[in-house]
Structures are given as C-alpha cells and as structure tokens.
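Breakdown of the fold
If you want the building blocks of each chain, they are given just below.
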There are 2 protein chains.
Amino acid sequence: MKLYIIGTGPGEASQLTEKALEALSRSELIVGYQVYIDLIKPLIGEKETFTTPMRKEVERCKYAVEAAAAGRTVAVVSSGDAGVYGMAGLVFEILEAVGYNHIQVEVIPGITAATSAAAVLGAPLTHDFAVISLSDLLTPWEDIEKRLRLAAQAGFAICIYNPSSKKRGDYLKKACEIIMKEASGDTPCGYVRNIGRQGQTGKILTLRELAKEQVDMFTTVIVGNRNTRVMGNKLVTARGYKDVE
Amino acid sequence: MKLYIIGTGPGEASQLTEKALEALSRSELIVGYQVYIDLIKPLIGEKETFTTPMRKEVERCKYAVEAAAAGRTVAVVSSGDAGVYGMAGLVFEILEAVGYNHIQVEVIPGITAATSAAAVLGAPLTHDFAVISLSDLLTPWEDIEKRLRLAAQAGFAICIYNPSSKKRGDYLKKACEIIMKEASGDTPCGYVRNIGRQGQTGKILTLRELAKEQVDMFTTVIVGNRNTRVMGNKLVTARGYKDVE
C-alpha cells in the first residue's frame, strides 16, 4: 500500500541518495524503463521488476499503481529526478483517474540532468535558469519555440533536455537559431553526453558552433547567458560577487 | 591539491548522494556557511572546518582555494546543489582571478531546492520550468521583474528561491502581482519551508492567496502554469499523456 516514486540520478549508482537507496531496499517490486532498471541493477539484486519500452509509460505506471493498491510496496523509478520530465506527474494523474486515494505515495527526489550536466561543465547554472525539453511528443513545437524565445529574451541560462532523437535530428539547430535572434552567437555553451555513465563526455563551444553540432538523446545541453564565460576548461556563469581578485 | 565543491541537498543527511559522502570523507578541511555545516555535522565528525557568516562567501571560498593550493584536500559545501545559487561559480571565479590552474576541482551535484520542494508538494515541475531568485543583493530588481514577467508569458512553471528576507518582506507579493498580469490568480501554487529538516511544512494555495502569504528565507515557492492542478492533496503539472483513465 506504499508507492515510492524515486529519482535515481544521472546514471552511476553512487549518485543516488541514501534516502532513495533505502526506499529501493524496502520495495518488493521495481517498475521502470528497461535501460534505467539496468543501470541500478546492482542495487536491486533479485527483486521483482516490471519494465516496458519507451512510450509505454502509462501502462507501466498503471501496473505500479495496481500493485500498490493490492497491498504491495512498489517503487517507480525514473533516471534523474522523477519529478522533472519523469514519472511522478503521471503516477498522480493515474491515481486521480482511478480514484485510489488510500495509497501512500512518497516522491524521493534525485539529481536531475540540469545540475549533473552543470557540474560536469563547471557552474553554468549558478543564477536564474530555464529548463526546456525539445521533445514535441506531448508539446506543440510552437510552444517550445515560444519558451526558447522568451527564455533567451529574459536572459536565462537555458538547460535543454531531449535535444534530439532520430525523428528530430534538426531540433537543436532550430532551437539555437531561435536563441541567436536574442543572444550573441558567441555565447558560451556546453553539452554532456552519458552523464555519470560509461563514456561520459562534455564539450564547451559557442552557441554558433552548437547550432551545427549533432547530439543524441542521451545528451543534455546548457546555453549560457550574457554572464557566462569560459574559465580555464570550465563553463561558468558569474553571479556578480565583488572582491573576487 | 584537490578541491571538491559539494552540494549537500535539502537538509537531512539521507539526502546526500554516496558520491558526496565519499568526497566529504576524503576531505581534510570542510568550508561552508555555519548553518549548513551544522546540518551535516554527524557526517564530518571531528574534521577541521572553516565557517564564515552569510555574505562572507568570497572570504570563505578564498580560504578554501588557498588551502587546496597549499596541497590539502578541501571540500566547499553548499546546501542544495552547489551549482545553483551556491558556491561553485564563485570558486571558479576566484581560481581564475588568482591564476591557480594546478588545483584539481570536482563539482559534486546535490538535490537542489526546486526538485526537493517539488517532491514534497507532488509533481509541479514535470515539464518546462524556470528558476528565479528574488534576492536583489547581486541582481537589479528590474532584471528580476523582467524574468518573472517573461517566464509567466512563456507558460513556465516557476520555482522561486530566496522569496523573502528581513529587508525584502514584500518581494514575494510583488512577484505574484507581476505573474498575475500574465496568469490567472487561480493558478495552483505551493511552498515548502525547511525542506528535509525538522519542522518541514508544505502548503498548497492559489497564486492570489500566495500574494498575501508571509514566507521566510528558508522557504521555496513553486508557481504552477496552466497545466497545473491540485490532485488530492498534491500539486501536479500534467504533461499531456493520453489514456490515463
């Protein structure tokens, strides 16, 4: 009768919190996307799992809710933070739709890609920032364009989730072009692929260069603002402290 | 010669990642704001610490950099994520100013208040969102106003850090009024005080009600967008999945 919704962080097991580890250990059934279940396999051992492919999120979360309603202790896992483009919202929507308000639900936050990518690159999100997904599966592209444009006008550093997929090969290019109408092409940017996993790579480049870059769906992109600079090999957004020297 | 910049999460020790715990244990000197050092005291035992009051961040980080330059293993700690309104950017700025590029620096991300507050409230940040601080110590108020206005126009859920202080008692009210020019006063919102600490309290209310609320500096506020609803006692931003029922 307990349903945990757990963010497992950016990949490697050492990026889970102790609270998340405890909740996993108390759970009898672990529900998630196969790739993310595999990443935390060493932590869950022989526990029962239920996985579905991508885009079968609703089916997956319904299974978890039904199992919890039947009295089991269940964990729904998302990589990163389950509340940021993860499964937390969907679980609450299902709970409301089926009217199960006797299930005890606890959301356990995880390190989301915005801050784990920022940590790899340096400190580009030290001040106000916006988080925008380029996936138009559930959002009209016009809304995404509007958010990119207004976020750039507002001077936010921008963290881009889901910058690309097979069907959306040119979306990052389109996004960069929108931002470049408001910000200099010289704006320092960066991206990280496979955060916290085997083959993690980070790259720092200008917004103009980023528009020409091919990235994949395992990549998180950060576009700086007018206070972002490259310091050594790090991407840093200065906050404006005096007396630094 | 190693400098860790560690995000210690929202308060309780169980919200640190294993990676952060390992870095703390390897460090000889822990540098931070007294309140946050106290929160993780059980984790650092008898290790040497260096603390300064609020607003003495530059002095604190310079001390850490000098100690690392002298060959010590040093941790600079911030609550939440050190890269989000934390010490990470400042450390890189100081390193650049003094020209110490021989120090090995590693930023270890933590659970930032946006996602830990969201987890307490439900799932209000499931889709695109903006993070804005109301502190005008380092940022002109006009810039903050502009960001609030454009973020609301863009339809972002908005997470507000530093919503109040003794000198800025009416800033949250002002912020809500700016957002209400773009969004309905009925927009569901929430706030959490003392996230992950003794006395944690969360409250869900409308934007109109939020404008009249007195909150303190230990509070994180989340303003929903047009897809945010109250489900049971949770604040949830729906992402638009079909077939939920």
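Residues numbered from 1 in each chain as written. Chains lettered and ligands numbered in written order. Predicted model: local features only at pLDDT ≥ 70, side-chain atom pairs only at ≥ 80, totals over all residues. Heavy atoms only, no water.

Our focus in this paragraph is the interface of chain A and chain B. Contacts between the two partners involve 71 residues from chain A, matched on the other side by 71 residues from chain B. For the pairing of chain A and chain B, the buried interface totals around 6,400 Å² over both sides, and the portion due to carbon and sulfur atoms is 58%. The tally of links between chain A and chain B comes to six salt bridges. One salt bridge connects B:D143 with A:R226, and the closest N-O pair in it is separated by 3.3 Å. Sort the elements by how many residues they give to the side of chain A that touches chain B and helix α5 (residues 88-98) of chain A lands first, with eight residues. Taken together, the residues of the side of chain A that touches chain B sort by class into 33 nonpolar, 19 polar and 19 charged. Both strand β7 (residues 129-133) of chain A and strand β7 (residues 129-133) of chain B contribute to a ladder of three bridges, which runs antiparallel. Looking at the pairing, A:F129 lines up with B:V131 of β7(B). (Contact = heavy atoms within 4.5 Å. Buried area = accessible area lost by both parts, 1.4 Å probe. Salt bridge = Lys/Arg side-chain N within 4 Å of Asp/Glu carboxyl O. Helix = DSSP H or I, 4+ residues; strand = E, 2+ residues; numbered from the N terminus. Nonpolar A, V, L, I, M, F, W, Y, C, P; charged D, E, K, R; others polar. Pairing = 2+ DSSP bridges.)

With that out of the way, let us pick up the sheet that holds strand β6 (residues 122-123) of chain A. Residues and elements named next belong to chain A. Spatial ordering of the open sheet is given by β6-β13-β12, a layout of three strands whose pairing is mixed. Looking along the sheet, the strands with just one partner apiece sit at the ends: β6 and β12 (228-231). Relative to strand β13 (residues 234-237), β6 runs parallel, the two being bridged by two bridges. Directly across from A123, in β13, lies its bridge partner V236.

Let us now look at a negative patch on the surface. There is a patch of like negative charges on the surface, built from A:E18, A:E22, B:E18 and B:E22. Secondary structure elements with two or more residues in the negative patch: α1 (18-26) of chain A together with α1 (18-26) of chain B. Within the fold, A:E18 resides in helix α1. Residue classification places A:E18 among the partly exposed residues on the basis of a relative accessible area of 35%. (Patch = residues over 30% accessible without salt bridge, like charges linked within 9 Å, V, L, I, M, F, W, Y side chains within 5 Å. Areas by Shrake-Rupley, 256 points an atom, 1.4 Å probe, with all protein chains shown as cover. Lys, Arg positive; Asp, Glu negative; His and termini not counted. Charge placed at Lys NZ, Arg CZ, Asp CG, Glu CD. Buried < 20%, exposed > 50% of the residue type's maximum accessible area, 1.4 Å probe, protein only.)

The next point concerns unusual backbone geometry. Although it is not a glycine, A:N194 sits at a positive phi angle of roughly 55 degrees. Locating A:N194 in the fold gives a position in the loop between β9 (188-193) and β10 (201-206). A positive phi is found at B:Y85, a non-glycine position, where the angle reads about 55 degrees. Position of B:Y85 among the secondary structure elements: in the loop between β4 (73-78) and α5 (88-98).

On to the sheet that holds strand β3 (residues 48-52) of chain B, then. Residue and element names in this part refer to chain B. Here five strands make up an open sheet; going across it, the order is β3-β2-β4-β1-β5 and the pairing parallel. Edge strands, defined here as strands with exactly one partner in the open sheet, are β3 and β5 (104-108). Between one strand and the next, the sheet's axes are offset by a mean angle of 20 degrees, whatever the strand orientation. Here strand β1 (residues 2-7) runs beside β4; their pairing, made up of six bridges, is parallel. Bridging across to β4, L3 finds its partner in V74. Along the sheet, α1 contacts β1, β2 (29-33), β4 and β5; its crossing angle with β1, the most-contacted strand, is approximately 140 degrees. (Axes fitted to C-alpha atoms, helices over the stretch in contact; angles between N-to-C directions.)

Residue and element names in this part refer to chain B. Among the residues of α1, A20, A23 and L24 are the ones counted as buried. Down the axis of α1, the buried set is contained in an arc of 100 degrees. They therefore lie on one face. Next to the buried residues of α1 lie β1, β2, α3 (41-44), β4 and β5. (Arc of directions from axis to C-beta.)

Moving on, we get to the packing of aromatic side chains. Residue and element names in this part refer to chain B. Applying the stated rule across the entire model yields eight aromatic pairs over all chains. Relative to Y36, the ring of Y33 has its centre 5.2 Å away and its plane inclined at 65 degrees; by these criteria the two rings are edge-to-face. Residue class for Y33 comes out buried when judged on its relative accessible area of 17%. Ring geometry for Y85 versus Y161: centroids 5.0 Å apart, planes at 45 degrees, classification tilted. A residue pair is termed long-range when its members are at least 10 positions apart, and Y85 in the loop between β4 and α5 and Y161 in strand β8 (residues 157-161) qualify at 76 residues. (Phe/Tyr/Trp six-rings, centres within 6.5 Å; stacked < 30°, edge-to-face > 60°.)

Bringing the domain arrangement of chain A into the picture now. All names here are of chain A. The domains assigned to chain A are domain 1 (2-111) and domain 2 (114-237). Each of domain 1 and domain 2 has a C-alpha centre, and these two points are 28 Å apart. The interface of domain 1 with domain 2 comprises ten residues on the first partner and eleven residues on the second. Taken together, the two surfaces of domain 1 and domain 2 that pack against each other cover about 900 Å², and 61% of this comes from carbon and sulfur. Interface area lost by domain 1 to domain 2 is led by P10, R55 and Y85, which between them contribute 53%. If you look at where domain 1 meets domain 2, you find zero salt bridges. At the boundary of domain 1 and domain 2, one finds two residue pairs in polar contact (both at pLDDT 80 or more). Residues of the side of domain 1 that touches domain 2, tallied by class, amount to seven nonpolar, one polar and two charged. (Domains from an automatic or database assignment. Polar contact = N/O pair within 3.5 Å; in protein donor to acceptor, adjacent residues only side chain to side chain.)

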